[in-house]
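# Residue-level structure breakdown
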Amino acid sequence: EEYKKSSQHPKLPIGRYLQVLSLCKSPKCIKQLESLCKEIRETYGEDQFFVATSDLLVKIYAEYNLQKAIQLLEEMQKRGHTLKRRSFGPIIVACCRAKDSTKAFKLYFEAKAKDIEFTEVEFSELVHLCTHLNLGTNMSILLKDISSTLSVL
């Protein structure tokens, strides 16, 4: 059931909004997602909205609107947001699935330069992309990175 803003509803903690946002699992939810984002902005202000939701929105947009996810990542960088694996990972995975090796590896190397370490999820998608597109040089780099990451774990 869609939450409707009214004077009967108290101000929700931002964590509750994030729980609802995380339920957006289909393209059909995008309209409701945008509406909920607007409500969070109005309730908490742009800065708090951005800090609280940006990583989650990257994950959601990466599945349905890759360009919007990339734009959000760029905005995060401009605002000085602390970027993490969850900032880059969903976009890299989406780029891999779209067979866009240029964007996938640009983001991978950018994240690597920021000392962000990835998990088997991102590595698996990147290896699959390299195998599918016969990207030997990138595969060699990935295998070294995987080896050093796994030896740390």
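Overview of the structure. (Residues numbered from 1 in each chain as written. Predicted model: local features only at pLDDT ≥ 70, side-chain atom pairs only at ≥ 80, totals over all residues. Heavy atoms only, no water.)

Turning to the pattern of salt bridges, a few remarks are in order. In the structure shown here, the tally under the stated rule is 12 salt bridges. In this structure, the salt-bridge partner of K68 is E34, at a minimum N-O distance of 3.0 Å. On the criterion of sequence distance, the pair formed by K68 in helix α4 (residues 66–78) and E34 in helix α2 (residues 30–44) is long-range, its members being 34 residues apart. Across the salt bridge formed by R79 and E75, the nearest N and O atoms sit 2.8 Å from each other. On the accessibility criterion, E75 (29% relative accessible area) is partly exposed. Linked by salt bridges that have partners in common, R41, E46, D47, E75 and R79 make up one network. (Salt bridge = Lys/Arg side-chain N within 4 Å of Asp/Glu carboxyl O. Helix = DSSP H or I, 4+ residues; strand = E, 2+ residues; numbered from the N terminus. Buried < 20%, exposed > 50% of the residue type's maximum accessible area, 1.4 Å probe, protein only.)

Between two cysteines, a covalent bond joining their sulfur atoms is known as a disulfide. Summed over all chains, the structure comprises 0 disulfides. A disulfide-free cysteine, C96 has its sulfur positioned 7.0 Å from the sulfur of C95, the nearest such atom. Cysteine C130 shares no disulfide, and the gap to the nearest cysteine sulfur, in C96, comes to 7.9 Å. (Disulfide = S-S within 2.5 Å.)

The next subject is the packing of aromatic side chains. This model, assessed by the stated rule, comprises 6 aromatic pairs. Here the aromatic rings of Y108 and F109 are separated by 5.5 Å at their centres, their planes lie at 65 degrees, and the arrangement is edge-to-face. Since its relative accessible area comes to 2%, Y108 is described here as buried. Relative to F123, the ring of Y108 has its centre 6.4 Å away and its plane inclined at 65 degrees; by these criteria the two rings are edge-to-face. One end of the pair, Y108, is in helix α6 (residues 101–113); the other, F123, is in helix α7 (residues 120–133), and 15 residues separate them in sequence. The same class applies to Y108 as to F123, namely buried. Through successive ring pairs, a cluster of aromatic residues spans F105, Y108, F109, F118 and F123. (Phe/Tyr/Trp six-rings, centres within 6.5 Å; stacked < 30°, edge-to-face > 60°.)

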